[in-house]
Amino acid sequence: MAANGKPIRGRFAPTPSGRLHLGNALTALLAWLHIRSAGGEIVLRLEDLDRQRCKPELAGELPGELKWLGLDWDEGPDVGGPHAPYEQSRRTALYERVLDELQRQGRLYPCYCSRADLQAAASAPHGLDAEGPAYPGTCRRLTAAERTERALRKTPSLRFAMDEQANYRFHDGIAGETVFSGASGGDFVVRRADGIVAYQLAVVADDIEMEITDVLRGWDLLDSTPRQLALYEALGSPPPRFAHSPLLLGADGSRLSKRHGAVSLPELRDRFGVRAERLVGFLAWLAGLCDRVEASRPADWIAAFDLASVRRQAVTLPDNWIDLLTGK
Ligand code: GLU
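In what follows, the accompanying structure is described.

1. Some points on the pattern of salt bridges
- Counted by the stated rule, this structure contains 29 salt bridges.
- Salt-bridge contacts for Arg-36 lead to Asp-72; the nearest nitrogen and oxygen are separated by 3.0 Å. With Arg-36 in helix α1 (residues 22–36) and Asp-72 in the loop between α2 (56–69) and α3 (92–104), this pair connects stretches of sequence that are 36 residues apart.
- By relative accessible area, which is 16% here, Arg-36 ends up buried.
- Taking relative accessible area as the criterion, Asp-72 reaches 39% and is therefore assigned partly exposed.
- Taken together, the salt bridges that share partners define one network made up of Arg-11, Arg-45, Glu-47, Arg-91, Asp-206, Asp-207 and Glu-209.

2. Some words on the sheet that holds strand β3 (residues 108–111)
- Strand order in this open sheet of three strands is β3-β6-β9, and the pairing throughout is antiparallel. Strands at the two margins of the open sheet, each flanked by one partner only, are β3 and β9 (188–191). Taken over all neighbouring pairs, the strand axes of this sheet differ in orientation by 45 degrees on average, direction set aside.
- Summarising the sheet, strand β6 (residues 157–160) and β9 pair through three bridges and their orientation is antiparallel. Bridged to Leu-158 within β9 is Arg-191.

3. Some thoughts on the packing of aromatic side chains
- Here the structure, examined in full by the defined rule, presents five aromatic pairs.
- An aromatic cluster is present here, built from Phe-170, Phe-180 and Phe-242 joined pairwise through their rings.
- Looking at Arg-159, its charged tip hangs above the ring of Tyr-135, at a distance of 3.6 Å from the centre.
- Its end group placed over the ring of Trp-68, Arg-269 keeps NZ or CZ at 4.8 Å from the ring centre.

4. Examining the pairing of strand β2 (residues 41–44)
- Two elements, strand β1 (residues 9–12) and β2, share four bridges in a ladder whose sense is parallel. The partner of Arg-9 across the bridge, within β2, is Glu-41.
- The parallel pair β1 and β2, bridged by α1, forms a crossover whose chirality is right-handed.

5. Concerning the site of the ligand
- Residues in contact with the ligand, as listed here, are Arg-11, Ala-13, Pro-14, Thr-15, Glu-47, Tyr-199, Val-203, Arg-217 and Leu-221.
- Within the side chain of Arg-11, one N or O atom sits 2.7 Å away from an oxygen atom of the ligand.
- Computed on the free molecule, the ligand has an accessible area of 300 Å², of which 80% lies beneath the protein chains in the complex.
- By residue class, the composition of the shell around the ligand is five nonpolar, one polar and three charged.

6. Thoughts on the environment of Cys-54
- Within the fold, Cys-54 resides in the loop between β2 and α2.
- Take Cys-54: its relative accessible area is 9%, and that puts it in the buried class.
- Sequence separation of Cys-54 and Thr-15 is 39 residues, and the distance between their C-alpha atoms is 7.1 Å.
- Once residues lying within four places of it in the same chain are set aside, the contact partners of Cys-54 are Thr-15, Pro-16, Ser-17, Glu-47 and Asp-48.

Basis of the calculations
- Residues numbered from 1 in each chain as written.
- Predicted model: local features only at pLDDT ≥ 70, side-chain atom pairs only at ≥ 80, totals over all residues.
- Heavy atoms only, no water.
- Salt bridge = Lys/Arg side-chain N within 4 Å of Asp/Glu carboxyl O.
- Helix = DSSP H or I, 4+ residues; strand = E, 2+ residues; numbered from the N terminus.
- Buried < 20%, exposed > 50% of the residue type's maximum accessible area, 1.4 Å probe, protein only.
- Pairing = 2+ DSSP bridges.
- Axes fitted to C-alpha atoms, helices over the stretch in contact; angles between N-to-C directions.
- Phe/Tyr/Trp six-rings, centres within 6.5 Å; stacked < 30°, edge-to-face > 60°.
- Lys NZ or Arg CZ within 6 Å of the ring centre and 35° of its normal.
- Right-handed = clockwise from strand over helix to strand, strands pointing away.
- Near = heavy atom within 4 Å.
- Polar contact = N/O pair within 3.5 Å; in protein donor to acceptor, adjacent residues only side chain to side chain.
- Areas by Shrake-Rupley, 256 points an atom, 1.4 Å probe, with all protein chains shown as cover.
- Nonpolar A, V, L, I, M, F, W, Y, C, P; charged D, E, K, R; others polar.
- Contact = heavy atoms within 4.5 Å.

Written out as structure tokens, the structure reads:
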């Protein structure tokens, strides 16, 4: 039970725009251990809102890949549950309701800026790393007449107006005490001009509706947290606890991404013959849970798991990572 008497609930929220890679697997393992070690429930939610980027075959493959690692969940697209559907592309009615609520509060405004306008703003001195340059607020200051005039030429996106005076302070389970100023990221998009609901809005609407108490996700989303905290505040919902798992860097020091196709899970297994137990042991070692790689199952780590022992700093894959994974 969480302190407020609610059951502990966490989630995996992969975006099926590429195959799972080592970084996703590390985050999923830590999220699973965090919740299972507290006796909580886990939801699998597919974040497939961007139909251009997300492929149904990848969405279909994801649950099997997570299961291969030895992870499980209590609710999800494959098993159903009280918060179904578990694919964001099927939850748009909820997002529209949340957008209406924010609209009623006067927190949203239409933004007519073009890509070129936004690029010009990219030279602005501040911004949030993962979120790009801060939006300078151009369209927030438009008069009603200017809005009417621009609306004739362009379908707007919708932005959430941040409180620039506010500070968003939270205790991150891995990163520790964290504070962002409300001004640091600027106003952010909650619905794109093409009508697609933006990640920030969908993730908060879903985590509230799915009664998520604990979010553990990749370090690249640490910067999104102040925006999400502002949405929780506007919607009158207490935020979950957050923890951001360490970033994995490729041996060349660059950020591991789905571009590094060679490290997708199916490829590790099918091309290099990596076994799931070896991979779990390797991930536990990368996370700082043990001193050497030993084949293990996720369940073997539950009893001793402590978020405080997960390393905070980015982890660079050693040169011999593939040998460590194949056990050579
Ligand atoms: N869908 C996001 C991703 O795949 C994760 C979102 C979240 O955990 O808040 O990176």
